[in-house]
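Survey of secondary and tertiary structure
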Amino acid sequence: PLRHRCPAVLFAKGAGGRPGDVDMPIVAGLHVPTFASFARLNGQVPTVGIAAGRCFAGNAALLGCCDLVVATRGANIGMGGPAMVEGGGLGRFAPEDIGPAPELHRNGVVDLLVADEAEAVARTRQYLAFFQGALSAWDAPDANALRSVVPENRLRAYDTRAALHGLADVGSVLELRTGFGIGIHPGLARIEGRAFGWMANNPSHLGGAIDADAADKAARFMQLCNAHGLPMLSLVDTPGFMVGPEIERQ
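In short, a report on the structure. All figures in this text were calculated on a predicted structure; none of them were measured in a lab.

**Thoughts on the packing of aromatic side chains**
Tallied over the entire structure, the rule returns one aromatic pair. A ring pair is formed by Y127 and F131, whose centres lie 5.1 Å apart and whose planes are at 65°; its orientation type is edge-to-face. Residue classification places Y127 among the buried positions, given a relative accessible area of 0%.

Printed below as a string of structure tokens:
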């Protein structure tokens, strides 16, 4: 992928070593061709990891290196599978107990949570299309819908994503990392066929103030756009950063 500047899509089902990687005198198993080759793609080409089923050990490490992590609701992702956990004296667990995808969606590990592998592939195709340049044809939304998006009363909360849908080409909006850091909405979209990244504060959470999770979410998303040359649109409605002893502990 690096030589031809092509995106890389990893189907990360499985666990353990890979043929060609483990046929060498190593101990920890980290300095292997697959890990080194995949790491070189970082920031150079878009990388997507799809977890559908069990994804443990080395496969989970490769999945975590991807720009975008897509998982089915029934997937499990863990740095060690049941055998490794039990071998380390940490107890016996079923595969379903380790890293359930819905929980990893809530803590920010999974960017897109989908129903099945077919939907995972469809969302991956939608995501990668943003890196293929501008489109010559598009459908603009009805601009009149924007007139009522922001309430006149500034004490009223509203959905900033509605404003984004009123600006972006019809059907082009892809929201990312929806289960985590709900104070910030990030994603990709197009305006007049041109791809861009967008972020919007969420006035329905802490009045739009930025907490620790939202800051992490926004920073990671900006790194993604910066690495792959996507311009950004920021819809700002926030009183600033959340403050106080509790937020500082976070």
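More follows now that the structure is in view.
**Quick look at the sheet that holds strand β8 (residues 184–191)**
Strand order in the open sheet made by the four strands is β7-β8-β9-β10, with mixed pairing throughout. Among the strands making up the open sheet, the edge pair consists of β7 (174–175) and β10 (232–235). Where strand β9 (residues 194–201) lies against β10, four bridges are found, and the strand directions are parallel. Within the sheet, the bridge partner assigned to G197 lies in β10 and is M232. Running at roughly 140° to β10, helix α6 (residues 160–167) makes contact with β7, β8, β9 and β10 of the sheet.

**Looking at the pattern of salt bridges**
What the rule picks out here adds up to nine salt bridges. Across the pair R92 and E86 runs a salt bridge, and its minimum N-O distance is 3.5 Å. Residue R177 pairs with D216 through a salt bridge whose shortest N-O separation is 3.4 Å. With R177 in the loop between β7 and β8 and D216 in helix α7 (residues 212–227), this residue pair connects regions lying 39 residues apart in the sequence. By relative accessible area, D216 is classed as partly exposed at 41%. Bridged by salt links that share partners, the residues D159, R161 and E175 form one connected network.

The rules we used
Residues numbered from 1 in each chain as written. Predicted model: local features only at pLDDT ≥ 70, side-chain atom pairs only at ≥ 80, totals over all residues. Heavy atoms only, no water. Phe/Tyr/Trp six-rings, centres within 6.5 Å; stacked < 30°, edge-to-face > 60°. Buried < 20%, exposed > 50% of the residue type's maximum accessible area, 1.4 Å probe, protein only. Pairing = 2+ DSSP bridges. Helix = DSSP H or I, 4+ residues; strand = E, 2+ residues; numbered from the N terminus. Contact = heavy atoms within 4.5 Å. Axes fitted to C-alpha atoms, helices over the stretch in contact; angles between N-to-C directions. Salt bridge = Lys/Arg side-chain N within 4 Å of Asp/Glu carboxyl O.

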